[in-house]
Amino acid sequence: MSIVNKFKQSLSARIVTYVLTLCILLFVLSLSGFYFFSKHRIEEMTYRNAEILTENTVMQTEAILAPIMKIADNYKWMITRMINHPDTFMDLTRQIVAQNPEIIGSAIAFTPNYFKDKGLYFSPYSYRDGDSIRSIQLGNENYEYFVMDWYQIPMSIQQPYWSEPYYDEGGGNALMTTYSVPVYLDSNGKEIIVAILTMDLPLDRFTEMVSSLKILETGYASVLSRNGTFVTHPNKELIMNQTIFSYAKEKNNPELREIGRDMQRNKSGFVSSTLDGIERVMYYAPLPSSNWTLAVLFPKSEMYLPLRSISIILLIVIIIGLGLLTVIIARIITRQLSPLHHFATSARDVAKGNFNIILPDIHTQDEMRELHDAFEYMQHNLVHYIQTLKDTTSAKEKIESELRIAREIQMGMIPKTFPPFPSRKEIEQFAVLIPAKEVGGDLYDYFIHEEKLYFIIGDVSGKGIPASLLMAVTRSLFRTVSLHYNTAAEIMAGLNRSLSENNESNMFVTLFLGLLDLRTGMLEYCNAGHNPPLLIEKTSSYFSVIPNLPLGLYEDFEFKQQSYQLNAGSTLFLYTDGITEAENGEQVLYGEERLLAFLSEKEFATPQLLIEGVLEDVTHHVAHAPQSDDMTMLAITFVGGQEKYEKSITLINEIQQIPILYEFIEGVGHDLGLEDALVLKLNLALEEAVSNVILYAYPKEPGKKIVVSVSLKGSDLIFTVTDSGIPFDPTLSENPNLELSAEERPIGGLGIYLIKQIMNEVTYSRIHDINIFTMKKKI
């Protein structure tokens, strides 16, 4: 192995790895904290700069618009004073333009025919043309100013109005916006609008001012009119040609449309939207005087460009620093831990049996010295320890061997072959015994004598070898005593007397003993302080038992027995307290209620499946907790002794065959001694089943066969209807809504619903092109 590979597998390498991992983690956390903090600060500063830039531009714009509005208010008063001298208004407009260089043109547009001698149109208008000022009569047939927004809107709303940007071909011949102010005159005590005073403002100054706004690398500003028209924008094709709404539709961007609506509501704030595939941040604010909106946009990614550069530089510095740190730490740790290699060599020699190996000299008074002393102490004590271990192991192996033999003997006494009586079809049995230790005190046993099944299940007090010995004695006494007595109480009393004699250890046995007549199903039983078994028939319930005293406590105790008639298919489930008292890690018992609930919810085809199911549920409850007591279960199913019953009839797929079916069902009822009410229900169910076959399996094929067969298995009466018609599964039909009236309820579904209500189980299958419809009824 090379030196490099040895270092990779050494303690030094692991320590260096741990230290470097910690350093890298600290660096990552620091760099991440720096990155996210800086990112947050950059976002705050960028957003704040955008907000300040927008607000400053709004203030500059208002500084231009506000004086225009004030000038208009001043001249509005002069117009009312000069109303009787219409010829002076042209000079007034020239004066307005001349004295206000920011104004490109001004007009006084009077209402139609206000001055009779001036005609329909009278709107003196003066505008700049280079260095000179020109004056014209604005209104004519080619330029009807009455329909222009700058005239019509303030006339309608009766208040000042900034118009949408427009190109005035009949006036100043320039792109402009017009500030329009209604001029009122008192007429018979009522103020009326006689004219609209306008101030035309060129947009080139706005464009230059807004275009000069820059934020980050590619950020820009844009002005939108009241209706969302682009007044300024880096893309010249958008100016005066599109609105924010048409642009949002073109880009399929609903977010941009909502932003436009917020702009029209004079809202302001930050929003984020994707334009041309780039996520951009926008801050917009209204221009109070004109209700226009100034928006500043910039790509979100550009905010973090400086941070990325700094992060890359820091990462490179950290990587170089970690490399240097790795070399320095590796050298220091390797030198400090070099004595460990000598100790490892000594430890391998000690493992080979050389307990007198010379240890390396340690001159320092640190952990290495403590390790040296510990090795030296170990050498002095290993010889004694190993000899003691050999003696202890030998004794333990002897005990374990004896316990193993005892377990094999004990388990050999318990019947473990299933089925135990293959030739006896009247019963099915299965049992299991799981000791908590090598040997245990639980027991079960059974045998058949004179057409009766004798069976017991019991639990000896205590555990281990004493309990196993008493268990063996009890099992042997059961086989011996049972042949000398006729009743369960007598057998139990005989067992009690034998176990009570010379019982100086005061051990006792809880036992349940039963005698089952295999011909009639009559069960005679006696309980001696044992857990009551469970009877599983249509429902599951605990068996009614007289508890009596356990065996071995009182020699002359008089035991009382009981009896119960088992029905065909009934199952008796017997168990010891190791089942119900099984604890999980939280010391919660499995309990009798859970056992009853489990057996009530589940159905098991055989006693073996029943016991395996209970054992699985108990194991799931206990999880990884150790087994604290022996667990034993015994399940006996009385199958019954009735003879096999089978019968069948073949019908033709014609409705006229139904009376023949009635006679067949009544014959079955007569054979089995069924009640008339049950026969009537069976007739209804079979009629519906056969009618479905006639109507749907052979809709256009008369003369086809339908076979109806019946068999009795235990307490289950099974009807089977077979045909070779088209596939049709009636069990898939949904149950009808009986709350609806006959007119409202959809046709169909009542027949199969009736069958399901009468029968206990209904199934359908199709095998080799044969429809098989099976109905099971418990009788």
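Residues numbered from 1 in each chain as written. Predicted model: local features only at pLDDT ≥ 70, side-chain atom pairs only at ≥ 80, totals over all residues. Heavy atoms only, no water.

A short note on the environment of serine 541
Turning to step 1, where the next piece is worked out: As for its position among the elements, serine 541 is in strand β19 (residues 540-542).
Turning to step 2, where the next piece is worked out: Taking relative accessible area as the criterion, serine 541 reaches 34% and is therefore assigned partly exposed.
Turning to step 3, where the next piece is worked out: Sequence separation between serine 541 and leucine 599 is 58 residues, and the spatial gap between their C-alpha atoms is 9.0 Å. (Helix = DSSP H or I, 4+ residues; strand = E, 2+ residues; numbered from the N terminus. Buried < 20%, exposed > 50% of the residue type's maximum accessible area, 1.4 Å probe, protein only.)

Some details on the side chain of threonine 111
Turning to step 1, where the next piece is worked out: Looking at the element boundaries, threonine 111 is found in the loop between β1 (105-110) and β2 (124-129).
Turning to step 2, where the next piece is worked out: Classification of threonine 111 as buried rests on a relative accessible area of 16%.

Some remarks on the domain arrangement of the protein chain
Turning to step 1, where the next piece is worked out: One can read the domain layout of the protein chain as domain 1 (82-205), domain 2 (213-303), domain 3 (414-638) and domain 4 (646-778).
Turning to step 2, where the next piece is worked out: Relative placement of domain 2 and domain 3: their C-alpha centres are 87 Å apart. (Domains from an automatic or database assignment.)

Looking at the sheet that holds strand β25 (residues 716-723)
Turning to step 1, where the next piece is worked out: Strand order across the open sheet formed by five strands is β23-β24-β25-β27-β26, with antiparallel pairing between neighbours. Edge positions in the open sheet fall to β23 (645-652) and β26 (761-767), since each of these has one partner strand only. Across this sheet, the average inter-strand angle for adjacent strands is 15 degrees, counted without regard to direction.
Turning to step 2, where the next piece is worked out: Taken together, the eight bridges between β23 and strand β24 (residues 705-713) define a ladder with antiparallel strand orientation. Across the sheet, the residue bridging to lysine 647 is valine 710, located in β24. (Pairing = 2+ DSSP bridges. Axes fitted to C-alpha atoms, helices over the stretch in contact; angles between N-to-C directions.)

Some thoughts on the pattern of salt bridges
Turning to step 1, where the next piece is worked out: Counted according to the given criterion, the structure contains 17 salt bridges.
Turning to step 2, where the next piece is worked out: In this structure, lysine 267 and aspartate 262 form a salt bridge, with 3.8 Å as the shortest nitrogen-oxygen distance.
Turning to step 3, where the next piece is worked out: Residues aspartate 445 and arginine 479 are paired through a salt bridge, measuring 2.7 Å at the closest nitrogen-oxygen approach. Taken as a pair, aspartate 445 in strand β14 (residues 442-449) and arginine 479 in helix α11 (residues 464-481) lie far apart in primary sequence, 34 residues in all.
Turning to step 4, where the next piece is worked out: Here arginine 479 falls in the partly exposed class, since its relative accessible area comes to 30%.
Turning to step 5, where the next piece is worked out: What emerges from the salt-bridge pattern is a single network uniting Asp262, Arg265 and Lys267. (Salt bridge = Lys/Arg side-chain N within 4 Å of Asp/Glu carboxyl O.)

Let's talk about the pairing of β2
Turning to step 1, where the next piece is worked out: Looking at chain direction, β1 and β2 are connected through three bridges and run antiparallel. Of the residues in β2, the one forming a bridge with glycine 105 is tyrosine 127.
Turning to step 2, where the next piece is worked out: As defined by bridge partners, β2 adjoins strand β3 (residues 132-137) across six bridges and the pair is classed as antiparallel. By the bridge assignment, aspartate 129 is partnered in β3 with serine 132.
Turning to step 3, where the next piece is worked out: The turn linking β2 back onto β3 is made up of two residues, and glycine 130 within it adopts a positive phi angle of 70 degrees.

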